[in-house]
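Reading the structure
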Amino acid sequence: MTDGKTNPRRNRLWIQAALGLLLLGAFVATGWYFTSPQFNRWVRNKVIADVERATGGRVDIGQLRWTLWKLEFEARDVTVHGLEPPGEIPYLHVDRINLRAKVMSALKRQVGLRFLELDRPVFHLIINPDGSTNQPVPRKRSSQSPIETLFDLATDEIRVSRGEVRINDRPVPIDFAASDVAAAMSYDSGGPRYHGSLHVGKIDTKFKDMRPFSAVADAQFVLAGHTFHVTSLTMKSGDSHLVASGYIQDLSSAAVDVNYRATLDLRNVGAISRTRQMRHGVLHLDGRGTYTQSAFNSIGRLTVSGLDWQEPSVRIRNVSLASDYRVDNLRLLLPNISAAIFGGRATGKVEVLNWLSQQTASRMLAANPRPQQQVRQGSAIFQISGVGLSGIVGAISTPSLPLDRVNMVGATSGSIAATWTGELSKAVAELDLAIVPPANTTPQQVPVTGTVQGRYLGSSGVLRIASAELSTPATRVEAGGSLGSTAAALRITATTSNLGELTPIFAAQGHSASLPVDLHGQATFDGTVGGRISAPTIAGHLQITDFESLIAPPAMLGRGQKAPVGKTVASEMSASNPRTVRRMHWDIFSTDLHYSPSSLALRNSALRRGNAQINFDLNAQLHRGRFTETSPFTAHVNAHRAQVADLQTLAGYDYPLSGIADVNVRVSGTQSTLRGNGHVVVSSAVVHGHPVDRASADVDFANGEAQFNNIIVAQKRARVLGAAAYNITTHGFRFRLRGNNFNLADIPVLQQGRLKHAGLMSFEADGSGTPDAPIINANVSVTNFVVNGERAGDITAQARTVGETLTLSARSNVGDSDLTVNGTVRLRDDFPAAISIRFAHLDFDPLVQAYLRGRMTGDSSLAGAIDMRGPLRRLRDLQVQGELSQIYVPIENIQVRNHGPIRFAISQQVLQLKELHLLAEGTDFTATGMAELSGERRLDLVALGHVNLKIVQTLNPDYVSYGNLSMDVKVNGTVANPLVNGHVQVANAGISYIDLPNGLSDINGDLVFNRDRLQIQNMTARTGGGTLNLTGYVTYARTIGFNIQAFAKDIRLRYPPGVSSMADANVRLSGTLRNSTLTGDVTITRFGLNPRFDFAQYLARSKQPPELTDPDSPLTNLRLDLHVTSTPELQVQTSLARLSGNVDLRLRGTAARPTVLGRVDIIDGDVFFNGTKYHVERGDITFTNPTRVEPVLDIEASTRVRNYDITLGFHGPTEKLSTTYRSDPPLATADIIALLAFGRTREESAMQPVSSQNFTETASNAILGQALNATVSSRVQKLFGVSRIKIDPQVGGAENNPSGARVTIEQQVANNLTITYITDLARSNQQIISVEYNVTRAVSILAVRDQNGIVSFDVRIRHRKR
Amino acid sequence: MRRALQLVLVFVTAGLGSAYSGEVIDRIVAVVNRGVVLQSDVELAVRYEAFLEGRAVGEVSDKDYRKALDRLVDQELLRQEMGEALTIPASEVQARVAEIRSQFPEGRVESDWQARLGKYGLTSADLAERVRVQLELWRFVELRLRPNVRVDDSAVDSYYRDEFLPRLRESGAEDVPLTEVSARIRQILVERNVDQLLSAWLHNLRDQSEVHLELDKHSPGVVSSAERVANKAQ
């Protein structure tokens, strides 16, 4: 059944197998066919045919290959022949075309381009004179629409390399890669014309040697007949974009008309075109142009905004300009440039001929110039106005010459005219600029005035300055020469009176912000600047007058620390407190300067200050213009009569040394390897206050050490000889010195205070080490040591260092006295020491006498021991233990001695008085307690016993005191504010002060201390023979104050000298030592004058200027307010005065300078006034001047001369005393005066030969008399209306002394005998001597020897009628 | 009835009094604080001044009268300041009177002198009294003011240089050294200062005082004041 019967399932399998084989066979066959040359040829022909149909030209394809599975096709040597004649370059030729396709939709059979590469494409368009081209004409298919799409190409990426577009043999290279490219062209047979469009999403391209750049472009164009019309072209790259449209009207003439508008980001343009100077800005172009085969031209307007142009030597920022432009293939013209630059404006014109010419001037000079090509020639003329100088300075500032740091301001105007042939960089520019300062400036700005004329040569980059004058308020610079970016040869004369204007430049150079010079005068430089700007050489003469150098003290550098490299002293100074900077004035500094970045030379340098002058020469090598620690240098310093203090300041030291130095030193090397030698002489020196006549030493510098050899120090007969050395780096020292013949009396420090020392000292000392670890050995001896004239014997002292320990020993003995000092000091750390002082029978009279002002009445004696332990470098930690076993002091015959040892200790600056018990006659005093020697200075003392007050006056010899004082007092609080509690009893004491007229005696009473108050209880005393009761208190908290009431009875006061008064008083003394007041009432019960007291002399003395009183005297600070009255009709009786009167005065002012106000009425009496006795009939004396004692008199006194009773009136103050004269019998005033002065009346005088008045005297008298008459008449008229009054012109006039100046001396030698002596000063041998003897009151005998030598006698009988 | 008669007599007397007022023998012309200046004082002063100046009484004008009144007010103010009168010795008064008398030709003969006094309505007692009063006031002013005057050397120099020397040169005389004339110049300056102080003092006194001039209330009388003076003199 199986054999004969067909299985349908098996049959289907066979059929399927057969179909499979058939398909396989078909696939294999297809594959074979596709790779067969036949298929290749078919495809190639098909492509050629299609392209030929699309272009209309003949097409050749050399080779065509593809890889189907990659959809990649490659064609080589593809050529499209247009209508060009044979032999011409074909219409289009591509060496290789490579494209990759992509299947966009298999169902719709859409395939797109992924990649298209054209290698070396050459597009050749021939435009014939008749306008025809070799453009092939596509073949038209009749059945289709008139517009036929020739191609519609879109590709993701297209790359054209080594391409070329040749239009009439003019090649334009094309080399770009573009993405997202779509190009389409269609043929409109109705035109006929071609419509094309091109879109490039991103194109990367480059021109020539510029940087490649990317752009986006769109273009629409129409090609119809002889016209080619670009309807729109937009291109955008970054912030730049171009919009253009244009057309070629006649392809035969190839005349292109273009309208364009472009905005270019100049920063991008600069980057692409490798013009790095162009940093910023935007260029707008708006114009149109035409282009033909032979020429082109364009006109339009350009604007540039925000242009930044930066070159190494010039930086211009934010410039904006606008101009029309006109350009063709021969000329570029910017006719009306208007630019805004640096705050000002520039207008001008730029014209360049043959601007497209590549021929440069240098080529012109070549041997074979091409005459048909003209050289490029340009010119530019600018007028500028108001251009900010700060902008210009900023533009030309460089890091090496940062002129912009000086904030110069000014407005620049002028002209710049430039011409060039060939390249612009070869331009020659003429500058004529003037700078005017602004009207108002801020303090930070430096206004500049000036002119600059010069020529800039672009070929060499040199500015040749014909003349330049620039001046600021303090600086003036004149310059001439050349200045270039690489070299300069400039002659400069600069003068400034304010270096502060140049400080910013120095600061920019890396130096200090402030120069270490404070200029008061002028700094002048006259020299040249050459070399490169970045490394200039400066040579010339520098002079600075009247300036201060500012030097930072060395304390700013720590010990062993060196100044940091690159920092100047001034920079250190500026970082420190300016108050510590030391200033030193100099009159002048002058030097011949030669500076280059590698060397500095100062020659013939002189620093002068007053009489001192330092001359020096310096040669130093520099490292990039700086002096470093390793810079070698040589210096020769010669100072003549220089102040040591000034040299110290220069060297950075500040020791208490002064004097006049002559220094001659040569040094060389570097700072660390300094070598040199010299000689130093110092005269009239003062070292730590000690005068030194002369000091000299040889100085050697080596290995960082200063060695002083042959040291000689001389002061009077004293000499110090030796050698010393000091290492500046390690601070190590060594010395060996010998000194002798030092008279201690010549050492000021030993003569200060109350102790004066004398003696001869000599020493030997040698030492080494460092201040922290010294080794010192010394012997010191003083012979005939005398303190305050008291011999203290000889003193010898030794110091020996063994290892770290210094052993001290000293000894002195004279007579029985013995003083030894022994101790050790460890010369490490804080110098811990243990020193003991032992003394016995020590005569300390000089010490006691110094403080008790010589009240010693015997020899003192002291014995004991004092031990000190602790660090000598920290004296406050010193521990002192003392015990005085014996003390004996005889004061004012009171022998004060101790009872038991006096023990005390000092620890942590606290004095502990452990035991003190002193005994003397009437004195038994004990004290214990503590007192702080620093800080709050607290006290805790207990004093007990009684004291003889005579000891008190030893403290101040102005006081005299006696009596006994018992005390039981505790003192707490502080020294400034002691709190005292206790009780003091005064018994039979007395005290007086030398300046006070009265002292106190028999003082008895109790004083109670209550913290800060001393209360006076039951105090009585006697003074001036009267009694005095005192109550009140004294406070002594922060200042001593008092309020004491005194009741006095029958006290005699002898003040002023010559005046004795008895008074009762109730006065109060209150206030403080600085301001106290004495108030109360004083009633004078008796008043007496010393027979020698002359009231006139006293008044004259009171008119003298007050003596300068001690401002600290208690009398100066004691203000008075006393009311002084007298008992009614107080009688004053003396041998020459007998007065009665009343006194009512106020005593004011101070006790040192009292004033008096009030009135004294004199009722009757006789006084002795100006050497003459007068009977006072009545009078009063008033005191009205509150500033001084100035009595105003109104006294009527009578006296008798010859037979006349003369009454004188004294009126007014004693300084302006006016005197009235009356006489009985009556005489004219002139007669009275003549009588008083000459002893005779005018009538009698007329008998004497008197020289007649000359005319001048008469005129003078008349004028003065008339004036006086008029004055008095005026007053009379005012009061009484009477104008007829006569004033005798002779009163007070020359008639007073009719025969010249005379001196009259009248002396009453006895009650009844008066001698008068009159001499004429104008004539010799003319004396009148008269002797009047009053026999009785009515009868007198007068003997006269007149000026003629005639002696006459008169007997006068007076009879007075009433 | 008796009471009624008394009333009638009183009214009759009062009516007669108003109808026939008596002669005005004097009048208050100024009240100075609590003091008064009488018309007779002014008239006496005017006549005294005319006497001294030798002017005829008829020449006295009302202006002179008013000026004299002003001066009397000033004198009254000073007198009130003075308090108790200063004692002027009679001899001094007489001396001054004698000095005045010596200045007139009539002074040599007593009768002539009296006649001249009478011409001005004055007596010797009147003259002495006026002199006394003036001396009193003069001394008081001197005592009060002179102590306050200070003249320093510079003022003397200034006067010498600016006033004295120019006048001396005008007269044709040679210069005189300052030392020779300084004392007198100082005296002149003292007097000048006293003068100035006096003016200031009087001004202050008037300011601080109550001064009422009653002159205006009697204007009819005032008009004839000068005539009254003349009449009195005759």
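None of the values given here were measured: they were computed from a predicted structure.

Assigned secondary structure in chain A consists of 14 helices and 73 strands. Sorting the 1362 residues of chain A into buried and exposed places 38% on the buried side. Carbon together with sulfur atoms contributes 56% to the accessible area of chain A, which is approximately 74200 Å² in total.

Moving on, we come to the nonpolar core. Ranked by size, the top nonpolar core spans 79 residues in total, and within it A:Met967 and A:Val984 carry the most contacts. Dropping the residues within four chain positions of it, A:Met967 is found in contact with A:Phe925, A:Ala943, A:Leu944, A:Gly945, A:His946, A:Val947, A:His983 and A:Val984. Residues B:Phe104, B:Leu122, B:Leu168 and B:Val181 belong to the second largest nonpolar core, which totals 67 residues.

Residues and elements named next belong to chain A. On the surface, a cluster of positive charge is made up of Lys206, Arg211, Arg274, Arg276, Arg279 and Arg317. Structurally, Arg276 is set in the loop between α3 (266-272) and β12 (278-291). Taking relative accessible area as the criterion, Arg276 reaches 68% and is therefore assigned exposed.

All names here are of chain B. Taking strand neighbours across the sheet as the criterion, the three strands line up as β2-β1-β3 in an open arrangement whose pairing is antiparallel. Looking along the sheet, the strands with just one partner apiece sit at the ends: β2 (35-38) and β3 (211-213). Strand after strand, the sheet turns through a mean of 20 degrees between neighbouring axes, direction not considered. Note that strand β1 (residues 28-32) and β2 share four bridges and pair antiparallel. When the bridges of β2 are listed, Val32 appears paired with Gly35. Each of β1, β2 and β3 is contacted by helix α3 (residues 62-82), which is oriented at about 35 degrees to β1, the strand it contacts most.

Not every positive phi belongs to a glycine, and A:Arg274 is a case in point at roughly 60 degrees. Tracing the sequence through the fold places A:Arg274 in the loop between α3 and β12.

Let us look at helix α2 (residues 39-53) of chain B. Residues and elements named next belong to chain B. The end-to-end C-alpha distance of α2, which contains 15 residues, comes to 21 Å, matching closely the 21 Å that a straight helix rising 1.5 Å per residue would cover. Buried residues of α2: Gln39, Val42, Glu43, Ala45, Val46, Arg47, Tyr48, Glu49, Ala50, Phe51 and Leu52, and no others. Positive backbone phi, approximately 75 degrees, marks Gly54, located one or two places after α2.

Attention now moves to the pattern of salt bridges. Residue and element names in this part refer to chain A. Applying the stated criterion across every chain yields a total of 55 salt bridges over all chains. Arg65 is the salt-bridge partner of Glu74, the closest N and O atoms lying 2.7 Å from each other. With a relative accessible area of 14%, Glu74 lands in the buried category. Between Glu936 and Arg938 there is a salt bridge, and its shortest N-O distance comes to 3.9 Å.

Contact with chain A, which involves 37 residues of that partner, is made by 44 residues of chain B. Where chain A abuts chain B, roughly 3600 Å² becomes buried across the two surfaces, and 60% of that area is made up of carbon and sulfur atoms. When residues of chain A are sorted by the area they lose upon contact with chain B, A:Arg1275, A:Leu1279 and A:Phe1280 head the list and together hold 22% of the total. For the interface between chain A and chain B, the tally reads zero salt bridges. Where the side of chain A that touches chain B is concerned, the elements lending two or more residues are β66 (1191-1201), β67 (1204-1213) and α14 (1255-1280) of chain A.

Here we take up the confidence of the model for chain A. Residues and elements named next belong to chain A. Scored by pLDDT, chain A comes out at a mean of 79, with 80% of its residues at no less than 70. pLDDT under 50 marks residues 554-579. Its contacts with residues more than four places away, or in other chains, come to 33 contacts. Every residue in residues 1283-1304 scores below 50 in pLDDT, and together they form 53 contacts with partners more than four places removed in sequence or on other chains.

Looking now at the side chain of B:Arg130. All names here are of chain B. Mapped onto the fold, Arg130 is located in helix α6 (residues 124-145). In this structure Arg130 is buried but unpaired, with Glu49 as the nearest side chain of opposite charge at 6.2 Å. Leave out the neighbours within four places in its chain, and Arg130 touches Leu44, Tyr48 and Gln75.

Here is what the cut-offs are and how they apply
- Residues numbered from 1 in each chain as written.
- Chains lettered and ligands numbered in written order.
- Predicted model: local features only at pLDDT ≥ 70, side-chain atom pairs only at ≥ 80, totals over all residues.
- Heavy atoms only, no water.
- Helix = DSSP H or I, 4+ residues; strand = E, 2+ residues; numbered from the N terminus.
- Buried < 20%, exposed > 50% of the residue type's maximum accessible area, 1.4 Å probe, protein only.
- Areas by Shrake-Rupley, 256 points an atom, 1.4 Å probe, with all protein chains shown as cover.
- Core = buried A, V, L, I, M, F, W, Y, C linked by side-chain atoms within 4.5 Å.
- Contact = heavy atoms within 4.5 Å.
- Patch = residues over 30% accessible without salt bridge, like charges linked within 9 Å, V, L, I, M, F, W, Y side chains within 5 Å.
- Salt bridge = Lys/Arg side-chain N within 4 Å of Asp/Glu carboxyl O.
- Lys, Arg positive; Asp, Glu negative; His and termini not counted.
- Charge placed at Lys NZ, Arg CZ, Asp CG, Glu CD.
- Pairing = 2+ DSSP bridges.
- Axes fitted to C-alpha atoms, helices over the stretch in contact; angles between N-to-C directions.
- Expected span 1.5 Å × (residues − 1).
- Buried area = accessible area lost by both parts, 1.4 Å probe.
- pLDDT = per-residue confidence, 0-100.

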